[in-house]
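# Per-entry structural report
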Amino acid sequence: MIKIAVCGAAGRMGQRIINSVIEAEGVQLSGALERPGHPMTGQDVGLVAGCGALGVNISDDLNAVIAGCDVLIDFTAPKVSLKNLEACALKKKSIVIGSTGFTPEERELAVELAREIPAVLAPNMSVGVNVCLKALKDVAKTLGDDFDVEIVELHHNKKKDSPSGTAVRMGEVVAEALGRDYNKVANYHREGICGERTKEEIGMQTVRGGDIIGEHTVYFIGMGERIEISHRAMTRDMFSRGSVRAAKWVVGKEPGLYDMQDVLGLK
Ligand SMILES: NC(=O)C1=CN([C@@H]2O[C@H](COP(=O)(O)OP(=O)(O)OC[C@H]3O[C@@H](n4cnc5c(N)ncnc54)[C@H](O)[C@@H]3O)[C@@H](O)[C@H]2O)C=CC1
Ligand SMILES: O=C(O)C1=N[C@H](C(=O)O)C[C@H](O)C1
């Protein structure tokens, strides 16, 4: 039995992950973490997550929870995830991170910290999005420079980071396939007389509203034709099931920073 602890357990994703851990085979829930001062601290996490009492109370004691698990699943925020990665590295435990909004410097730090332990860091744990990422590479390579690339993502009004981690990863994959540097060609903002579109740029647009779980479309726009590769999330459950799949996969792997393409064998 692989012992899984969940950080951010009372959050939108945390609650779904608790449900997915309970439903999965070969794993057991060993702990649940929340930020110090969270109103649900001390409560049974199963009651918070809507799956009935589980006998695991929400704790704010990071070291104790990590000591009791084989792998920590963390869906919080970049700074919290980096602190958890460091704590897991000290105790030689594995970690799966789903948080998004990492700066390039924070991602570098994650690579450094994961030299000690196996870690999965992925902005999207759904099979569908990861298949899209693989397809995007092929499509971009085949179409080449004749098609303009624009990415649009839609999420709920509580999302803190923009653009989404998934949209950024889609942009990175397309840019790399086209031999461009994503950080140089991403265009997040058009307003006023901003001039004609450059051939190299990859436009990134963000929509926020209501309870949209997560939608991404990459447009390849040519002269007289357009290809759209879209993914629409209808529930959060394929993210949570993906995180449990990653947790089962990562335990016992060589130290290093992996992503969901590694977990799903898509590389
Ligand atoms: N990789 C993927 O497949 C997916 C990634 N995400 C990402 O996961 C993250 C969380 O998303 P949501 O669950 O919607 O947010 P949320 O705000 O509902 O949940 C985050 C939880 O983390 C807790 N938290 C904050 N600081 C903490 C600390 N120091 N220790 C322990 N817990 C702490 C909060 O109290 C909250 O309950 C975001 O970065 C989001 O973009 C979301 C969906 C899918
Ligand atoms: O915050 C969310 O909700 C989501 N975040 C992820 C991202 O930023 O890519 C994945 C998913 O679309 C939901």
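Keep in mind it's a predicted model, so treat the numbers as computed, not measured.

How each quantity is defined
- Residues take numbers from 1 onward in each chain, read along the sequence in its written order.
- Lettering of chains starts at A and numbering of ligands starts at 1, both following the order in which they are written.
- Local features in a predicted model are, by the rule used here, given only for residues with pLDDT of at least 70; side-chain atom pairs are given and counted only at 80 or more, and totals for whole chains, interfaces and linings are based on all residues.
- No hydrogens and no water enter the side-chain calculation; it runs on all heavy atoms of the structure.
- Cysteine sulfur pairs qualify as disulfides if the two atoms are within 2.5 Å.
- Only protein chains enter the calculation, and the probe is 1.4 Å; a residue is then buried if its accessible area is under 20% of its type maximum, exposed if over 50%, and partly exposed in between.
- Note on terminology: near, applied to a residue and a molecule or strand, indicates that one of the residue's heavy atoms is within 4 Å of it.
- Polar contact is defined as a pair of N or O atoms within 3.5 Å, subject to the rule that within protein one atom must be able to donate a hydrogen and the other to accept it, and that residues adjacent in sequence are counted only when both atoms are side-chain atoms.
- All accessible-area figures derive from a Shrake-Rupley calculation using a 1.4 Å probe, and residue coverage is judged against the displayed protein chains alone.
- Pairing between two strands is assigned when DSSP locates at least 2 bridges connecting them.
- Here a helix means four or more residues in a row that DSSP labels H or I, a strand means two or more in a row labelled E, and each is numbered from the N terminus.
- It only takes one pair of heavy atoms within 4.5 Å for two residues to be counted as in contact.
- Angles shown run from 0 to 180 degrees and are taken between the N-to-C directions of axes, each axis being a line fitted to C-alpha atoms and, for helices, limited to the stretch in contact.
- UniProt positions are given in the numbering used here, feature names are shortened, and annotations may be inferred rather than shown by experiment.
- What makes a nonpolar core is a set of buried Ala, Val, Leu, Ile, Met, Phe, Trp, Tyr and Cys residues whose side-chain atoms join them at distances within 4.5 Å.

This part is about the state of the cysteines. Tallying each qualifying case throughout the model produces zero disulfides. Counting only cysteine sulfurs, Cys7 is the nearest neighbor of Cys51, a cysteine outside any disulfide, at a range of 17 Å. Of all cysteine sulfurs in the structure, the one in Cys88 sits closest to Cys69, which takes part in no disulfide; the separation is 5.9 Å. Classification of Cys69 as buried rests on a relative accessible area of 1%.

A word on the site of ligand 2. In the vicinity of ligand 2 there are 13 residues, among which His155, His156, Lys159, Gly165 and Thr166 approach most closely. One of the side-chain N or O atoms of His156 is found 2.8 Å from an oxygen atom in ligand 2. Between Thr166 and ligand 2, the recorded distance is 2.5 Å, taken from a side-chain N or O atom to an oxygen atom. When ligand 2 sits alone it has 330 Å² of accessible area, and the protein chains cover 86% of it.

The next subject is the sheet that holds strand β7 (residues 148-155). Taken together, five strands build an open sheet; the order of strands is β8-β9-β7-β10-β11 and the sheet is mixed. The open sheet terminates on both sides in strands that have one partner only, identified here as β8 (186-187) and β11 (226-232). When β8 meets strand β9 (residues 202-208), the two strands line up parallel, connected through two bridges. From the neighbouring strand, Ala186 faces β9, where its bridge partner is Ile202. Strands in contact with helix α6 (residues 127-143) are β10 (215-221) and β11; relative to β11, the strand with the most contacts, it is inclined by about 165 degrees.

Here the focus is the UniProt feature "active site" (unreviewed entry) in the protein. As annotated by UniProt and renumbered to match this structure, "active site" (unreviewed entry) occupies His155 and Lys159. Residue His155 is classed as buried on the basis of its relative accessible area of 7%. Among residues more than four places away in sequence, those in contact with His155 are Ser164, Val207, Arg208, Gly209, Ile212, Ile213, Gly214 and His216. In this structure the side chain of His155 is engaged in a polar contact, spanning 2.7 Å, whose partner is the side chain of Glu153. Relative to the helices and strands, Lys159 resides in the loop between β7 and α7 (165-177). Sequence-distant contacts of Lys159, defined by excluding residues within four places in its chain, comprise Thr100, Ser164 and Arg208. Within the structure, Lys159 has its side chain in polar contact with the side chain of Thr100 (distance 3.5 Å).

The step from Ser162 to Pro163 runs through a cis peptide bond, and the omega angle for that step is -15 degrees. Its place among the elements puts Pro163 in the loop between β7 and α7. With a phi close to 55 degrees, Lys92 is a non-glycine residue in the positive phi region.

On to the sheet that holds strand β12 (residues 256-258). Pairing is parallel in the open sheet, where seven strands are placed in the order β3-β2-β1-β4-β5-β6-β12. Sheet topology places β3 (58-59) and β12 at the edges, where each strand pairs with a single neighbour.

As a further point, take the UniProt feature "domain: Dihydrodipicolinate reductase N-terminal" (unreviewed entry) in the protein. Within the UniProt annotation, "domain: Dihydrodipicolinate reductase N-terminal" (unreviewed entry) is assigned to residues 2-125. Structurally, residues 2-125 is divided into 37% helix and 22% strand, and its ends, taken at the C-alpha atoms, are 19 Å apart.

Take the environment of Ile17 next. By the secondary structure assignment, Ile17 is in helix α1 (residues 12-23). Assessed through its relative accessible area of 0%, Ile17 is described here as buried. The spacing of Ile17 and Arg241 is 224 residues in sequence and 7.0 Å in space, taken between C-alpha atoms. Apart from the residues within four sequence positions on either side, Ile17 is in contact with Val6, Ile73, Phe75, Ser240, Ser243 and Val244.

So, about the site of ligand 1. Taken together, 23 residues sit near ligand 1, with Arg12, Met13, Glu34, Thr100 and Met125 positioned nearest. In this structure, an oxygen atom belonging to ligand 1 sits 2.5 Å away from a side-chain N or O atom of Thr100. The contact in question runs from an oxygen atom of ligand 1 to an N or O atom on the side chain of Lys159, over 2.9 Å. Across the complex, the protein chains shield 82% of the 860 Å² of accessible surface that ligand 1 would expose by itself.

Ile4, Val6, Val21, Val45, Ile73 and Val96 are the most contacted members of the largest nonpolar core, which totals 37 residues. Those elements that place two or more of their residues in this core are β1 (2-7), α1, β2 (27-33), α2 (45-48), β4 (71-74), α9 (237-250) and α10 (260-263). Sequence-distant contacts of Val96, that is, excluding residues within four places in its chain, are made with Val71, Leu72, Ile73, Asp74, Val120, Met125, Ser243, Ala246, Ala247 and Val250. With 25 residues, the next largest nonpolar core counts Val149, Val173, Ala175 and Leu178 among its residues.

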